[in-house]
Amino acid sequence: MENYTKYALKNADELNALLEGKDNLFVVSCNKCYKAFDTTNEPESEEFLKLAEGLGKTVVGTAKADFLCNQWKAQNGLKHMIPENAEHVIVISCGLGVQTAAATLDVPVYTATNSINYTGHHGMALTKKACDACAQCYLTMTGGICPVVDCSKSLLNGQCGGAKDGKCEVCADKDCAWEKIQQRLAQQGRLQELTAQAVQVRDYSKVNFKVINEYVKAIREKRLEGWYGGVHPVEGKEPTEHKGLVRFPAPKIAVFPLSMHLGAPANPIVAVGDHVDIGQKLGEAAGFISAPIHSSISGKVIAIEERPHATRGTCLSVVVENDFKDTVHSSVQPNKALEELTAGEIIEIVKNAGIVGMGGAGFPAYVKLNPGKPIDAVLVNACECEPMLTADHRVLLEFADDIIFGLLAEMKTVNAPKGIIVIEENKPDAIALLREKTASIEGIEILEVATQYPQGGEKMLIKRALGRSVPSGGLPADVGACVSNVSTVKAIADAIKTGMPLVERVTTVTGKYIPNPMNFIVRIGTPASELVEACGGISAEDVLIKAGGPMMGFPQTTLDTPIMKGSNGIIAIDNDETEPAECIKCGRCVDVCPMELKPLHYFKLVGAQDWQGCKDMKIMDCMECRCCEYICSSKLPLVTMIKMGKNGVRGLK
């Protein structure tokens, strides 16, 4: 079926007639914005360029736009792209894009396409209906002013004589479209083109509105399938997704921040000069939402002091000098078989092992396993939707049996009959492996989902897998779900099978400026600088280094930070030096917000320190996924402002 998403190229005969007598063309094409997050170049533009080349036409330049219908972007960008030797501008877009270009440029503008979306209200335009999607576009003939929509009577053959003082007799507030058409064509010296035209009759056979209506309804339902919003950043996983895990050497000096988790920092229970072994507690949990810290090496405590921290700036840390004996603490002992353990015993094992959410948030895992509410499904978040990172992907492939064991342990603990491992479709090898290994295990399902960021957010995951919406301010347990990261589940398996607490994790080191990207099994406390050096160092200056991925990672001013429980990646990428501009109220941030918020309001509310307004607009529901900032036309620092707004709301009495 023809893609009725937005527009289609006119047929060859129409295009031959359009180009007759015209040369020195500048071609502007727009990506179809209702193809959900598909940013690949549209085939229509390449087809048109081949046709023009075949006719011996000179194309003096081309440009592609994501939102050509955005008037602000067109005025500030498109006008400056047109070279002086361009005599004619050919636009490949829907009627909105053609009209925007024609209103912006002084050069004659022609359309090579017919607009065929049944409503005419396309993508992110967020504007009044300016295109009737009649599939027979007249904008070339009329200088980019639509005689169907802009004329109240939808006349195709000139004005009716019913205009007075430039206003339509049918709608006194509306300018006469035909007077505007004649004025524009006269300014461009093209009026003769119009007056020489034969009488136009609309061909209603060009489009089947019933078919289009059903098709567009279907693709919009798909657009909202599972959960609302999200974006498709370039994945960038190729450098490491097929690289097996390499065990990184133990560091000479390990630094253990006492805060590697959500909640209260752990209290140190060792002193300078103490000898510690692998798996020994260095810090005790300081509250219900807290977690103990364990040593990943054996050696001597040489300091308890403030040290650099990847997300907090600095943090009180226990510093241990390695004796390289790898002595394991006596407390590290295998537990009973899973079938012999009670739910309470599993919770205690997870609690004492210091296991937290390893996808980045760091929420203590034992709290999730004691929800106080009925749970009917345990979800394993194996999406790894963050671009560039492949740590969880490799864990899936190399520790599949441990993942299944950990999932069964969680299901037993919360008494859930169902376990679902949710994997994005860009990991077909992991999907195939886990399906093979779980085929005979009752109650476990491998759910393949479309690749979309931020699919790994637990509320998105629950919507996609279970069709349930966690209420504002609520928790997964409120809808009968328990969600754990794939590496967290693996850590639970380790703690039960071997008694070893959380002392190591898998970390991806990658990015444009990392010469040899790798996936490492690394001991917690290892300096990030050592991992980067093992990958060849940073290959350029003025590079942005982040702990985590490009979307939700934390910019680093130093590599003297240790690998922590939530350290899923270190990346080195280009600095974003784009200067922010005024909000143009395009609404794109609203369209992509997975929490269905209105981020454009937060910038204004935070600027005015209107904390109550922020609260009323549900700023605390924001998961800081950065979709809004990623898509923002004005490059506003929305996440920074949102964090400020949250702090302001927390300060309200």
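Residues numbered from 1 in each chain as written. Predicted model: local features only at pLDDT ≥ 70, side-chain atom pairs only at ≥ 80, totals over all residues. Heavy atoms only, no water.

## Section: the sheet that holds strand β16 (residues 313-322)
Part 1: Reading across the sheet, the four strands line up as β10-β16-β15-β12 and stay open at both edges, with antiparallel pairing between neighbours. If you trace the sheet from one side to the other, it starts and ends with β10 (253-257) and β12 (275-276), each paired once.
Part 2: As judged from the five bridges shared by β10 and β16, these two strands associate in the antiparallel manner. Paired with Ala 254 across the strands is Val 320, a residue of β16. (Pairing = 2+ DSSP bridges. Helix = DSSP H or I, 4+ residues; strand = E, 2+ residues; numbered from the N terminus.)

## Remarks on the nonpolar core
Part 1: Of all hydrophobic cores here, the largest spans 65 residues; its most connected members are Ile 355, Ile 421 and Ile 496.
Part 2: The leading source of residues in this core is helix α11 (residues 400-414), at eight residues.
Part 3: Residues in contact with Ile 496, not counting those within four places in the same chain, are Pro 334, Asn 335, Lys 336, Leu 338, Leu 341, Ile 346, Ile 349, Phe 405 and Ala 409.
Part 4: By size, the runner-up hydrophobic cluster in this structure holds 34 residues, among which are Ala 86, Ala 101, Tyr 138 and Ile 181. (Core = buried A, V, L, I, M, F, W, Y, C linked by side-chain atoms within 4.5 Å. Buried < 20%, exposed > 50% of the residue type's maximum accessible area, 1.4 Å probe, protein only. Contact = heavy atoms within 4.5 Å.)

## Notes on the packing of helix α8 (residues 343-352) against α11
The angle between the axes and the distance between the axes are what describe a pair of packed helices.
Part 1: Relative orientation of the contacting elements α8 and α11 amounts to 125°, with a least axis distance of 8 Å. By the angle between their directions, the pair α8 and α11 is classed as oblique. Both α8 and α11 take part in a crossing whose hand is left-handed. Seen from α8, the contacting residues are Ala 343, Ile 346 and Ile 347; seen from α11, they are Ala 409, Lys 412 and Thr 413.
Part 2: Classifying every residue of the contact of α8 with α11 gives four nonpolar, one polar and one charged. (Axes fitted to C-alpha atoms, helices over the stretch in contact; angles between N-to-C directions. Parallel < 35°, antiparallel > 145°, perpendicular 65-115°, else oblique. Left-handed = near helix turned anticlockwise from the far one by under 90°. Nonpolar A, V, L, I, M, F, W, Y, C, P; charged D, E, K, R; others polar.)

## A few points about the sheet that holds strand β2 (residues 25-30)
Part 1: One open sheet holds the four strands; their spatial order is β3-β2-β4-β5, and the pairing between them is parallel. Pairing within the sheet leaves two strands with one partner each, and these edge strands are β3 (59-65) and β5 (109-111). The average undirected angle you get between the axes of adjacent strands in this sheet is 20°.
Part 2: Note that β2 and β3 share six bridges and pair parallel. Note that in β3 the partner of Phe 26 across the bridge is Gly 61.
Part 3: With respect to the sheet, helix α4 (residues 95-104) is in contact with β4 (88-92) and β5, its orientation differing from that of β5 by roughly 170°.

## Considering helix α17 (residues 599-607)
Part 1: All buried positions along α17 are accounted for by Pro 599, Tyr 602, Leu 605 and Val 606. The buried residues of α17 all sit within an arc of 105° when viewed along its axis, so they share a single face. For α17, the exposed residues set more than 90 degrees away from the buried face come down to Lys 604 and Gly 607.
Part 2: Close packing links the buried residues of α17 with α16 (588-592), α18 (611-616), α19 (627-631) and α20 (638-650).
Part 3: Of the residues flanking the end of α17, it is Gln 609, one or two places downstream, whose phi is positive at about 55°. (Arc of directions from axis to C-beta.)

## Overview of the pattern of salt bridges
Part 1: As enumerated under the stated definition, the model contains 22 salt bridges in all.
Part 2: With its nearest N and O atoms 2.9 Å apart, the salt bridge here joins Arg 468 to Asp 376. With a gap of 92 residues between them, Arg 468 in the loop between α13 (458-466) and β20 (481-485) and Asp 376 in the loop between α9 (365-368) and β17 (377-381) connect regions that are remote in the sequence.
Part 3: Looking at Asp 376, the relative accessible area reads 33%, which means it is partly exposed.
Part 4: By sharing partners, the salt bridges in this structure join Glu 624, Lys 643 and Lys 646 into a single network. (Salt bridge = Lys/Arg side-chain N within 4 Å of Asp/Glu carboxyl O.)

## Details of the state of the cysteines
Part 1: All chains considered together, the criterion is met by zero disulfides.
Part 2: Cys 622 carries a free sulfur, and the closest cysteine sulfur to it, the one in Cys 628, is 6.3 Å from it. (Disulfide = S-S within 2.5 Å.)

## Let's talk about the packing of helix α10 (residues 391-398) against helix α14 (residues 486-498)
Part 1: One way to put it is that α10 packs onto α14 with a least axis distance of 9 Å and a crossing angle of 45°. Classified by the interaxial angle, the pair formed by α10 and α14 is oblique. α10 and α14 meet at a crossing whose hand is left-handed. On the side of α10, the interface is formed by Asp 392, Val 395 and Leu 396, while α14 contributes Val 486, Ser 487 and Lys 490.
Part 2: A per-class count over the contact of α10 with α14 returns three nonpolar, one polar and two charged.

## Some words on the pairing of strand β19 (residues 444-449)
Part 1: Relative to β19, strand β18 (residues 418-424) is paired through six bridges, and the arrangement is parallel. Residue Ile 423 lies in a different strand from β19, and its bridge partner there is Glu 448.
Part 2: Handedness of the crossover joining β18 and β19 through helix α12 (residues 428-438): right-handed. (Right-handed = clockwise from strand over helix to strand, strands pointing away.)

## Topic: the confidence of the model for the protein
The predicted coordinates should not be examined in detail at positions where pLDDT is low.
Part 1: In the predicted model, the protein carries a mean pLDDT of 89, and the fraction of residues at 70 or more is 92%.
Part 2: Note that residues 1-5 has pLDDT below 50 and, in this model, 20 contacts with residues that lie over four places away or in other chains.
Part 3: Throughout residues 34-41 the model reports pLDDT below 50, and contacts reaching past four residues in sequence, or to other chains, amount to 20 contacts. (pLDDT = per-residue confidence, 0-100.)

## Remarks on a negative patch on the surface
Part 1: Together, Glu 541, Asp 542, Asp 576, Glu 577 and Glu 579 make up a region of like negative charge exposed at the surface.
Part 2: Note on placement: Asp 576 falls in the loop between β25 (569-574) and α16.
Part 3: Here Asp 576 falls in the exposed class, since its relative accessible area comes to 58%. (Patch = residues over 30% accessible without salt bridge, like charges linked within 9 Å, V, L, I, M, F, W, Y side chains within 5 Å. Areas by Shrake-Rupley, 256 points an atom, 1.4 Å probe, with all protein chains shown as cover. Lys, Arg positive; Asp, Glu negative; His and termini not counted. Charge placed at Lys NZ, Arg CZ, Asp CG, Glu CD.)

## Focus: helix α5 (residues 177-187)
Part 1: Turning to α5, its buried residues number three or more, namely Ala 177, Trp 178, Ile 181, Arg 184 and Leu 185. Buried residues in α5, looked at end-on, bunch into an arc of 125°, giving them a common side.
Part 2: On its buried face, α5 is in contact with α4 and α6 (191-195).
Part 3: Of the residues one or two after α5, Gly 189 is the one with positive phi, at around 70°.

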